[in-house]
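Below, each chain spelled out in residue letters.
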Amino acid sequence: MVQRIRRVVTGHDKDGRSIFIMDGEAPNVLEMKSMPGVALTDLWRTKTSPASNTRNGDAAAGKIKLEPPQEGTILRIVEFPPDSAWRDAADAKAAFASIGASGAPDHGSADAMMHCTATVDYVIVLSGEIYAIMDKGEKLLKQGDILVQRGTNHSWSVRTKEPCVIAAILVGAQPVGRLARQARRKPAPKRAASSRRRR
């Protein structure tokens, strides 16, 4: 069952005084159909740097995507069930496509969930434990541990019988590694031919 997260958000009234504008369960939750039991809850998003604090609307509303715009951020909670509940049944291609990230998976990896994003991710383990897996090596992260994930190929594995819940702050970044190599290989967009001829 997906853990529901209480989200409290501040803002300003018409006179510029500080107020609470939201207090309740975060509504933007995506239970991954192609990854049974994996759930993403977006708590807040920004699109620019510096971010704007001028509006009081819900910045987390809308379709959940894997990564923010290059100058944006996402504050997200991710719930991973034990591997035994989802890894064998997961459809990685469908999962990444459903969050607008068809280019994120590393199709050359034996781990179908290996992927990377053009982000710096500050990952905080809130409960349970999880393995962070890189191309070379893995580390066990437990409650209270923090991972700074810097645009690297990575995957996740929960090898206990209890789920793991993490908070992740994703900050848009320049692509590095595999994503940078892919970007260099893409052909430059063709310019449209001028419809007018010079005389």
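Data block above holds the structure.
Residues numbered from 1 in each chain as written. Predicted model: local features only at pLDDT ≥ 70, side-chain atom pairs only at ≥ 80, totals over all residues. Heavy atoms only, no water.

Asker: How do you make sense of the pattern of salt bridges when you look at a structure like this?
Answerer: Side chains that carry opposite charge are capable of pairing whenever their charged atoms lie near each other. Applying the stated criterion across every chain yields a total of nine salt bridges. Across the salt bridge formed by arginine 4 and glutamate 25, the nearest N and O atoms sit 4.0 Å from each other. Residue arginine 4 is located in the segment before strand S1 (6-12), and its partner glutamate 25 is located in strand S2 (residues 18-25); the two are separated by 21 residues in the primary sequence. For arginine 45, the salt bridge goes to aspartate 42, with nearest N and O atoms at 3.0 Å. Neither residue differs from the other here; arginine 45 and aspartate 42 are each classed as buried. (Salt bridge = Lys/Arg side-chain N within 4 Å of Asp/Glu carboxyl O. Helix = DSSP H or I, 4+ residues; strand = E, 2+ residues; numbered from the N terminus. Buried < 20%, exposed > 50% of the residue type's maximum accessible area, 1.4 Å probe, protein only.)

Asker: Any chance you could explain the sheet that holds strand S11 (residues 164-172) here in plain terms?
Answerer: Neighbouring strands of a sheet are bound in pairs by backbone hydrogen bonds; such pairs are parallel or else antiparallel. Taken in spatial order, the six strands make up an open sheet running S3-S4-S5-S11-S6-S9, and their pairing is antiparallel. Edge positions in the sheet fall to strand S3 (29-31) and strand S9 (146-150), since each of these pairs with one other strand and no more. The sheet shows a mean angle of 20 degrees between the axes of neighbouring strands, taken without regard to direction. For S3 and strand S4 (residues 39-46), the ladder comprises three bridges, and the chain directions are antiparallel. Directly across from valine 29, in S4, lies its bridge partner threonine 41. (Pairing = 2+ DSSP bridges. Axes fitted to C-alpha atoms, helices over the stretch in contact; angles between N-to-C directions.)

Asker: Explain the layout of surface pockets here, please?
Answerer: The gaps of empty space that remain are located by a probe, the size of a water molecule, rolled over the atoms. Taken as a whole, the largest pocket spans an internal volume of roughly 480 Å³. Along the walls of the largest pocket sit 22 residues, with Arg45, Thr46, Lys47, Asp58 and Ala59 positioned nearest its centre. Residue assignment for the lining of the largest pocket shows that the elements contributing at least two residues are S4 and strand S5 (73-80). Of the residues belonging to the lining of the largest pocket, the class tally is seven nonpolar, six polar and nine charged. (1 Å grid on protein atoms, 1.4 Å probe; cavity = no way out; pocket = protein on both sides within 12 Å on 5 of 7 lines; lining within 4 Å. Points joined across faces, edges and corners; volume = space filled by probe spheres on them. Nonpolar A, V, L, I, M, F, W, Y, C, P; charged D, E, K, R; others polar.)

Asker: I'm lost on the nonpolar core in this one. Help?
Answerer: In globular proteins that are soluble, nonpolar side chains generally tend to be buried together. Phe80, Ile130 and Trp156 are the most contacted members of the largest nonpolar core, which totals 29 residues. In terms of residue count, the dominant contributor to this core is S11 (four residues). When near neighbours in sequence (up to four residues on either side) are disregarded, phenylalanine 80 contacts Val38, Trp86, Ile130, Trp156, Val158, Pro163, Cys164 and Ile166. If you look at the next biggest cluster of nonpolar residues, it comprises six residues, including Ile5, Leu43, Val165 and Ala167. (Core = buried A, V, L, I, M, F, W, Y, C linked by side-chain atoms within 4.5 Å. Contact = heavy atoms within 4.5 Å.)

Asker: Help me understand empty space enclosed by the protein in this model?
Answerer: Per the counting criterion, the structure on display carries two cavities of 30 Å³ or more. Size it by volume and the largest cavity reaches roughly 360 Å³. Lining the largest cavity are 24 residues, with Leu66, Val78, Phe80, His115 and Trp156 sitting closest to its centre. Residue assignment for the lining of the largest cavity shows that the elements contributing at least two residues are S5, helix H2 (92-98), strand S6 (119-127), strand S10 (155-157) and S11. Residue composition of the lining of the largest cavity, grouped by class: 17 nonpolar, four polar and three charged. In terms of lining residues, the second largest cavity is bounded by Val2, Gln3, Ile5, Ala39, Leu40, Thr41, Ile77, Val78, Glu79 and Val165.

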